[in-house]
Structure formats: structure tokens, C-alpha cells
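Coordinates in review
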Amino acid sequence: MNDLRHEVSRRRLLGHGLSLGALTLLTGCDLSDSDAVQTALHAVSRWNDRVQAALFSDATLAPTYDPRRAVKDFRFNAFFGPQDSPVLDPETYRLRLSGAIDDKRPWSVAQLRALPQESQVTRHVCVEGWSMIGQWSGQPLGQFLKRIGADARARYVGFECADGYYGGIDMATALHPQTIMAMSLSGETLPTQYGFPFKVRIPTKLGFKNPKWVTAMYVTNQEPHGFWEDRGYNWFSGI
Ligand SMILES: Nc1nc2c(c(=O)[nH]1)N[C@H]1C(S)=C(S)[C@@H](COP(=O)(O)O)O[C@H]1N2
Ligand SMILES: [Mo]
């Protein structure tokens, strides 16, 4: 029952599984016209995003596991191989902040690592068809947002990454207790290929919504674009 992967794929099926007949009834468009089908599918998918966002709450907790089930040799994924991972220098790195935030001073790795951290053993679910339980620790993003005086009434938090990846989440997800700025994996400093100095670990989201090598964060009312979302994945992509 606690199988998140099953749950996520079931929801994905529900999200995309409308029959062509139902789609014709809903949209009244000619399904031989592929542009119209694309537009209709996109409309349904956007509707799905909104319903999912409305259903999401702090009480929606991703399953957690016994630490003994955490995999040490974690699987790598990115849109390139591990050898091409950006190497961020812990001496010169700065996390840049912008948007609806009172204190926009940049953060060094030492400052980030000095923040109180919480640990979680959760399952990372990649849309490409694999999942793995890992142990991450880091400062809950909600606590960090409070610390820097982010406007929690704003709708979104966006991220930019050193490899050109980008993305964002709704404020409810940003403030969710299980959303953390993961600076460690399996109790060790987060290795380069897994996102050093930190990855936003969001167990209520699919893997692609967990940005690694984050270099900038912003708070906004405008829905942030996402690297994979711009290539067709659902924006909400969570439980
Ligand atoms: N910056 C950045 N973050 C990223 C990606 C990426 O290519 N670049 N890939 C995403 C995808 S699809 C997955 S499944 C996870 C993989 O994280 P891991 O290497 O820690 O397993 O990172 C996500 N975050
Ligand atoms: Mo992924």
C-alpha cells in the first residue's frame, strides 16, 4: 500500500488515461487533427496539475522507511553522464536569492552546512521507471525560507542549477515538512554527482522535480518554467 511508485504511476495513468472518446466529448475537437489533440491533452494535463495542487497539503506525507533499507550506492541520473557533473567549489560557491525575499544575501557552503538539519529515509521515484530508497539530510526548505524572510503568500519557489537545469514548485510543496535542502546522502557530504552542495529533496514529487547543484533560488507569483516540464512532463508531478 505504501508503494509510492505504484501510487504515482496509478495517478499518472489516471491523469493521462482518458479515452479518446471521452476527450472528444470533453473538448469537442476533431481527433484526427493532432495539433488540436495536443492542445486538448495539454488542457487536461493543466487541469490535472491544478486539481493535484489543490488536493496537496502538509498532511500528505511520503512514506518513510527503516534506515537499513537505504541504498548506499545510489543511482545517478541527469540529462548527461556522471562524469560531466558540474563541480562546484565549496570556497567560492554562493547560493543566490531573488524575488519576494527580505534578506537576499548570498549563502556560502559553510553557512548552509551550519544550518540545523533533519534526516529522512524516503523513496526517490524517477519517471524513467526506477525507484530507490535513500537517506538524505538537510535543512527543511520551509525553515530556510522563513529564515531569509521569504513571502510565504507568494505562489512559487523557483530554482536554477549549475548544469543549466531549472524548475520550480508551488509554495505548499516548498513549505512541506519533508521538503529539504539535502546536503548529505547516507550520512556523508552530498557527493558531486548527486548535487553538491545541495539537492532539493522532495519525496512527494517525482525525481525530476528534485533539482541538484542548485545555485539560485527565487520566490515568485509567476509559475516557474521547468527543464522537463518545458519538454512535456506534468508540472505538479507529485502525490
Ligand atoms: N540539476 C539537475 N537536477 C536534476 C537532474 C538534472 O539533470 N539536473 N535530473 C533529475 C532527475 S530526472 C532525477 S531522477 C534525479 C536523479 O538524482 P540522483 O542522481 O541523486 O539519483 O535528479 C533530478 N535533478
Ligand atoms: Mo528522473
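Anything mentioned here points back to the structure above.
First things first, this report covers the structure right here in the doc. Nothing here was measured: the structure is a model prediction, and the numbers come from that model.

Together, Trp 47, Val 51 and Leu 55 make up an exposed nonpolar region whose accessible area comes to about 330 Å². Mapped onto the fold, Trp 47 is located in helix α3 (residues 34-55).

With that out of the way, let us pick up the nonpolar core. In this structure, Leu 95, Leu 112 and Phe 144 are the most contacted members of the largest nonpolar core, which totals 48 residues. Elements represented by at least two residues in this core include exactly α4 (109-113), β2 (118-126), β3 (130-140), α5 (141-147), β4 (156-161), α6 (171-174), β6 (180-185) and β9 (214-220). Sorting elements by how many residues they give to this core places β6 first, with five residues. Non-local contacts of Leu 112, meaning those with residues more than four positions away in its chain, are made with Tyr 93, Leu 95, Trp 107, Phe 144, Met 181, Met 183 and Phe 198.

Considering the arrangement of structural elements, one finds Thr 215 in strand β9. Thr 215 sits in the buried class, given a relative accessible area of 14%. Beyond its immediate stretch of four places on either side in the chain, Thr 215 contacts Leu 88, Tyr 93, Arg 94, Leu 95, Arg 96, Glu 160, Cys 161 and Ala 162.

What follows deals with the site of ligand 1. Surveying the vicinity of ligand 1 reveals 20 residues, the closest of which are Arg 75, Asn 77, Asp 163, Asn 210 and Lys 212. Phe 79 places a main-chain nitrogen or oxygen 3.1 Å from an oxygen atom of ligand 1. Protein chains shield 98% of the accessible area of ligand 1, which is 530 Å² for the free molecule. The residue makeup of the shell around ligand 1, split by class, is twelve nonpolar, four polar and four charged.

As a further point, take the environment of Pro 116. Within the secondary structure, Pro 116 is located in the loop between α4 and β2. Separated by 22 residues in the primary sequence, Pro 116 and Gly 138 have C-alpha atoms spaced 7.4 Å apart. Contact partners of Pro 116, with chain neighbours within four places excluded, come to Gly 138, Gln 139, Pro 140 and Arg 147.

One pass over the full model with this rule turns up seven salt bridges. The residue Arg 68 makes a salt bridge to Asp 66 at a minimum N-O spacing of 2.8 Å. Overall, Arg 68 belongs to the exposed group, its relative accessible area being 76%. Two residues, Glu 229 and Lys 209, come together in a salt bridge whose shortest N-O distance is 2.7 Å. Placement of Glu 229 in the segment after β9 and of Lys 209 in the loop between β8 (199-201) and β9 is noted, with a sequence separation of 20 residues between them. Neither Glu 229 nor Lys 209 differs from the other in exposure class; each is buried.

Cut-offs applied
Residues numbered from 1 in each chain as written. Chains lettered and ligands numbered in written order. Predicted model: local features only at pLDDT ≥ 70, side-chain atom pairs only at ≥ 80, totals over all residues. Heavy atoms only, no water. Patch = residues over 30% accessible without salt bridge, like charges linked within 9 Å, V, L, I, M, F, W, Y side chains within 5 Å. Areas by Shrake-Rupley, 256 points an atom, 1.4 Å probe, with all protein chains shown as cover. Salt bridge = Lys/Arg side-chain N within 4 Å of Asp/Glu carboxyl O. Helix = DSSP H or I, 4+ residues; strand = E, 2+ residues; numbered from the N terminus. Core = buried A, V, L, I, M, F, W, Y, C linked by side-chain atoms within 4.5 Å. Buried < 20%, exposed > 50% of the residue type's maximum accessible area, 1.4 Å probe, protein only. Contact = heavy atoms within 4.5 Å. Near = heavy atom within 4 Å. Polar contact = N/O pair within 3.5 Å; in protein donor to acceptor, adjacent residues only side chain to side chain. Nonpolar A, V, L, I, M, F, W, Y, C, P; charged D, E, K, R; others polar.

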